[in-house]
Amino acid sequence: MSLATPKQIRKLQRALYVKAKQEPTRRFHFLYDKVWRRDLLAYAYACCRANGGAPGEDGETFSRIQAYGVERWLDDLREELRTGRYTPQPIKRVMIPKPGGAGQRPLGIPTIRDRVVQTAATLVLEPIFEADFDEAAYGYRPKRSALDAVRMVDRAIHEGHTEIVDADLSKYFDTIPHAALMACLARRVSDGKMLHLLKMWLKAPVVETDAHGSRRMSGGKQATRGTPQGGVASPLLANIYMHRFIKAFRTYGLDRRYGAVLVTYADDFVILCRHGAAEVLETRRLRFPRLHLQPDALTANGRTLSRRAAIDEGRRLHQGHHSAAVAARESGAVGRGRAEPEPHRAGMDGVLQLRFRDEGTVRGEAPSRSHGPSLSSPSA
């Protein structure tokens, strides 16, 4: 369900976006006080209520909040934020089926209280970082979708970018380094209270109950990596960190040297080249460790396609977007009033993952030499 953003909040977001666009090096200071604005918290709650979702670790439900009184509940939360007494509660981890039934993956469920505050913070931060994001990024962004990414891939293929590097970052959300992510945030945010709020979410403990009913706690203040899938702020944080890779791609001139088109969707990406895909793959393999990503978090699979095969594959991509959208709706991500997919294997794997079925090539298998140069590599 999508809710119309109130006029005063749109005005605030527009002002932040314009200022960030006009001043690319500006660091924003007075942000935290916006998070506990009455109208912004009320809208954040309405978005969370519209999205529904399971209770968090504290068991609190929307029905219980309604009985307590929404205005009273929001006033209590606002006072905690204003006085600096707000502390995130533990995150409830559950396992949900992967799209297509290929096993399970973890989903972190914050409490409703934390979802509301994360939504409010995202409403404030998103316009600032949207001003910086590259056109190559499609996941979790306003007015962009998986289908838009598919169309870009299809267009690039038809324009002759038929040497393709296709890769994903395994367990990307779980391996984002906190220190490097906080450095990315600090390039645009100088408000110490806002940075502290974000860091508290990264350090929130995670509670998991196994099949025997035993509870296990992980994460917490000692954690150095990861942002829970399922948290409202996590998609924005993941995009902010992935922006490092996109900037490196531009800085190293891979688009200019190899006629390469980059398309990213959450933790998956494809690089479509006119030539030199093998060199692009090797450059990417060498540079990712410098971006503080774990070497074993990277897998890749690529091929050089004939133009005819590439065009056929592009048509198949169009046909796949619907199933990816369905998988996204089923994934349970909590957004701010718009149904945006929780990525992992629902994004590019459902839509942009180029599986060369006509040539018998799938992820992790080297293609036949008779079909052209292999760009496959084992997990680093």
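### Some remarks on the packing of aromatic side chains
- Inspection of every chain in the model, using the stated rule, returns four aromatic pairs.
- An angle of 55 degrees between the planes, with centres 5.6 Å apart, marks the rings of Tyr45 and Trp73 as tilted. Of this pair, Tyr45 sits in helix α3 (residues 38-51) while Trp73 sits in helix α5 (residues 70-83), and the two are 28 residues apart along the sequence. As far as the burial class goes, Tyr45 and Trp73 line up, both buried.
- Measuring from centroid to centroid gives 5.9 Å for Tyr172 and Phe173, while their planes differ by 80 degrees, and the two rings are edge-to-face.
- The buried category is assigned to Tyr172, whose relative accessible area is 1%.
- Taken together, Tyr45, Phe62 and Trp73 form an aromatic cluster joined through their ring pairs.
- A cation over an aromatic ring shows up here: Arg26 above the ring of Phe28, its NZ or CZ 5.3 Å from the ring centre.
- In this structure, Arg144 packs its charged tip against the face of Tyr138, placed 4.5 Å from the ring centre.

### Some remarks on helix α6 (residues 112-130)
- The terminal C-alpha atoms of α6 lie 26 Å apart, and with 19 residues this matches the ideal 27 Å at 1.5 Å per residue to within 8%.
- Burial analysis of α6 places 19 of its 19 residues in the buried class, the great majority of the element.

### A look at unusual backbone geometry
- The phi dihedral of Tyr140 falls on the positive side, at around 60 degrees, and the residue is not glycine.
- The residue Tyr140 is located in the loop between α6 and α7 (146-158) in this model.
- Judged by relative accessible area, which is 7%, Tyr140 ranks as buried.
- One non-glycine residue, Lys143, lies in the positive phi region at around 60 degrees.
- Relative to the elements of secondary structure, Lys143 occurs in the loop between α6 and α7.
- Residue classification places Lys143 among the exposed positions, given a relative accessible area of 87%.

### What to know about the pairing of strand β6 (residues 261-265)
- Counting buried positions along β6 gives four out of five residues, so the element sits mostly inside the fold.
- Here β6 runs beside strand β7 (residues 268-273); their pairing, made up of five bridges, is antiparallel. Residue Val263 lies in a different strand from β7, and its bridge partner there is Val270.
- What sits between β6 and β7 in their antiparallel hairpin is a turn of two residues, with Ala266 showing a positive phi close to 60 degrees.

Thresholds, definitions, all that
Residues numbered from 1 in each chain as written. Predicted model: local features only at pLDDT ≥ 70, side-chain atom pairs only at ≥ 80, totals over all residues. Heavy atoms only, no water. Phe/Tyr/Trp six-rings, centres within 6.5 Å; stacked < 30°, edge-to-face > 60°. Helix = DSSP H or I, 4+ residues; strand = E, 2+ residues; numbered from the N terminus. Buried < 20%, exposed > 50% of the residue type's maximum accessible area, 1.4 Å probe, protein only. Lys NZ or Arg CZ within 6 Å of the ring centre and 35° of its normal. Expected span 1.5 Å × (residues − 1). Pairing = 2+ DSSP bridges.

Function-wise, these values are silent; they only describe arrangement.
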